[in-house]
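# Coordinate inspection notes
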Amino acid sequence: MPERTRKPKPDGGQSASESLSLARMDDRIFDRFSEFIKAELGIKMPASKKTLLEARLQKRLRELCMTSHEEYCDYLFSPQGMEEELVNLVDVVTTNTTDFFREPKHFELLMSVVLPKLAMRGPRKVNVWSAGCSSGEEPYTLSMVLSEFARQASGFTFNILATDISTQVLRMAVRAVYPETKIGPIPSEYRKRYLLRSKDRTRRLVRIGPEARSHVRFRRLNFMEEFSFDDKLDIIFCRNVVIYFDRQTQEKLFSRFCSKLVTGGYLFIGHSESLAGMNLPLEPVAPTVYRKI
């Protein structure tokens, strides 16, 4: 991207970046953003989110030395912007909240019911997808749980594909370094086996150890695009992601998930999500856990 020249200071001596907080987004510009975000990312952006989008874009306007959302909009929809700025817009509009062992009953069911059933099929590698993996806590939790099961079940092996639309959080996930304040939900025996503490104890950081990292591969994926991987999946975790989509998009997406699941495979969704009324080849196993029939 070519270097941008900084705007001259406006009257009153403020720099352009300092005056950006006064910028307001008019309805016409918001509608362009809203339609584009829905079409490209599947994310609902109703009028009630205008103030939120406006606030989140402030940082990008400062970084690009722009003084209005209209200027940013014109840049985004230019050929150069489509190539270089879309990834930054994704980071602006997506919310990435996650924890280790979030919704812990899912992992209890995984260990006590799902993995034993899958292991009964014989020595075949189990393929897992963490869809909407954010900064990596979910796929690393899965890797620890499945590694624990593999310690008990001879011949059990697995792969985990972890995807997210945001390159920013994927960089964090690949790095696999987290503050100690995040590891509270991880059982103590898992911490000893799968975490590495920083040698500099003042930093209070941990890193996911090589065993748990070795089973996970990360890649960027937009749910609105084709799923460009051929492996059939035994388990899909897609939790607290589709709540940002409208109902029609949700059903279409879950149908595509089902097409990737093997018969007898499992889908885990978030407790704030529902498949009620959707025509899907799934039967309930437990609250927010389904099996493909």
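Throughout what follows, the structure given in this document is the object of discussion. Please read all numbers here as calculations on a predicted model, not as lab measurements. (Residues numbered from 1 in each chain as written. Predicted model: local features only at pLDDT ≥ 70, side-chain atom pairs only at ≥ 80, totals over all residues. Heavy atoms only, no water.)

## What about the sheet that holds strand β6 (residues 216-220)?
What counts here: Strand pairing is assigned whenever DSSP detects at least two bridges linking the two strands. Counting from the N terminus, the helices are the DSSP runs of H or I reaching at least four residues and the strands are the DSSP runs of E reaching at least two. An axis is simply a line fitted to the C-alpha atoms; with a helix, the fit covers only the stretch in contact. Between two such axes, the angle follows the N-to-C directions and lies from 0 to 180 degrees. Two residues form a contact once any of their heavy atoms are found within 4.5 Å.
Ordered by their spatial adjacency, seven strands build an open sheet running β6-β2-β1-β7-β8-β10-β9, and the pairing between neighbours is mixed. Bordering the open sheet on either side are β6 and β9 (282-286), each of which pairs with just one other strand. Neighbour-to-neighbour, the strand axes of the sheet open up by a mean angle of 20°, direction not taken into account. By the bridge criterion, five bridges tie strand β7 (residues 233-238) to strand β8 (residues 261-269) in an arrangement that is parallel. Note on β8: the bridge partner recorded for cysteine 238 is isoleucine 269. The sheet contacts of helix α7 (residues 104-119) involve β1 (126-131), β7, β8, β9 and β10 (289-292), and relative to β8 the element is tilted by about 175°.

## Brief notes about the packing of aromatic side chains
Worth spelling out the cut-off: Geometry of aromatic contacts follows a simple scheme: Phe, Tyr and Trp rings, the Trp one being its six-membered ring, pair when their centres are within 6.5 Å, and the pair is stacked under 30 degrees between planes, edge-to-face over 60, tilted otherwise. Exposure is judged per residue with a 1.4 Å probe applied to protein chains only, and the accessible area is read against the type maximum: over 50% gives exposed, under 20% gives buried, and values in between give partly exposed. Charge-over-ring contacts are defined here by two conditions on Lys NZ or Arg CZ: a distance within 6 Å of the ring centre and an angle within 35 degrees of the ring normal.
For the structure shown, the criterion picks out 22 aromatic pairs. With a centroid separation of 5.2 Å and 85° between ring planes, the pair formed by tryptophan 129 and phenylalanine 257 is classed as edge-to-face. Residue tryptophan 129 is found in strand β1, and its partner phenylalanine 257 is found in helix α12 (residues 247-260); the two are separated by 128 residues along the sequence. Across the pair, phenylalanine 257 and tryptophan 129 agree in class, each one buried. Measuring from ring centre to ring centre gives 4.9 Å for phenylalanine 149 and phenylalanine 156, while their planes differ by 80°; the resulting arrangement is edge-to-face. Neither residue differs from the other here; phenylalanine 149 and phenylalanine 156 are each classed as buried. What links up through ring pairs into an aromatic cluster is the set Trp129, Phe223, Phe227, Phe229, Phe245, Phe254 and Phe257. The side chain of arginine 256 reaches across the aromatic face of phenylalanine 227, ending 4.0 Å from its centre. Residue placement shows lysine 260 over the ring face of phenylalanine 229; its charged tip is 4.9 Å from the ring centre.

## A word on α7
Just so we agree on the cut-off: Take the residue count of a helix, subtract one, and multiply by 1.5 Å to get its expected span. To get the bend at any residue, fit one axis to the seven residues that end at it and another to the seven that begin at it, then take the angle between the two axes.
Across its 16 residues, α7 extends 21 Å between first and last C-alpha, which sits within 8% of the 22 Å expected from 1.5 Å per residue. For α7, the principal kink sits at leucine 110 and spans about 45°. For α7, the secondary structure elements touched by its buried residues are β1, α8 (137-152), β7, β8, β9 and β10.

## Looking at the side chain of asparagine 240
Heads up, the rule is: Identification of polar contacts relies on pairs of N or O atoms within 3.5 Å, with a donor-acceptor requirement for protein atoms, meaning one able to donate a hydrogen and the other able to accept it, and with residues adjacent in sequence counted only if both atoms are side-chain atoms.
Inspection of the secondary structure puts asparagine 240 in the loop between β7 and α12. On the accessibility criterion, asparagine 240 (15% relative accessible area) is buried. At a separation of 3.2 Å, a polar atom in the side chain of asparagine 240 contacts the side chain of glutamate 103. Once residues within four sequence positions are removed from consideration, asparagine 240 is found in contact with Arg102, Glu103, Gly270, His271, Ser272 and Glu273.

## A short note on the nonpolar core
To keep it simple, the criterion reads: In this description, a nonpolar core means a group of buried Ala, Val, Leu, Ile, Met, Phe, Trp, Tyr and Cys residues linked to one another through side-chain atoms lying within 4.5 Å.
Within the largest apolar cluster, 49 residues are counted, with the highest numbers of intra-cluster contacts made by Phe33, Trp129, Phe223 and Phe257. Those elements giving two or more residues to this core turn out to be α2 (27-41), α3 (50-63), α4 (69-76), α6 (86-93), β1, β7, α12 and β8. For this core, the leading source of residues is α2, giving six residues. Setting aside residues no more than four positions away along its own chain, phenylalanine 33 makes contact with Met25, Leu53, Leu57, His69, Tyr72, Cys73 and Leu76. Formed by 39 residues, the second largest nonpolar core is a distinct cluster that contains Phe100, Val126, Ile160 and Val216.

## Section: the pattern of salt bridges
The criterion, for reference: Basic side-chain nitrogens of Lys or Arg form a salt bridge, by our definition, when they fall within 4 Å of a carboxyl oxygen of Asp or Glu.
Within this structure, the stated rule accounts for 16 salt bridges. A salt bridge links aspartate 27 to lysine 50, with the shortest nitrogen-to-oxygen separation between them at 2.9 Å. With a gap of 23 residues between them, aspartate 27 in helix α2 and lysine 50 in helix α3 connect regions that are remote in the sequence. With relative accessibility at 52%, the residue aspartate 27 sits in the exposed group. Where glutamate 103 meets arginine 239, a salt bridge forms, and the shortest distance between an N and an O atom there is 4.0 Å. Of this pair, glutamate 103 sits in the loop between α6 and α7 while arginine 239 sits in the loop between β7 and α12, placing them 136 residues apart in sequence.

## Quick look at the sheet that holds strand β5 (residues 205-208)
The strand order across the open sheet formed by three strands is β3-β5-β4, and the pairing between neighbours is antiparallel. In this open sheet, the two edge strands, each paired with only one partner strand, are β3 (177-179) and β4 (195-197). Each adjacent strand pair in this sheet contributes to an overall mean axis angle of 35°, direction not counted. Of the pairings in the sheet, the one linking β3 to β5 comprises three bridges and is antiparallel in character. When the sheet's bridge partners are listed, valine 177 is paired in β5 with arginine 207.

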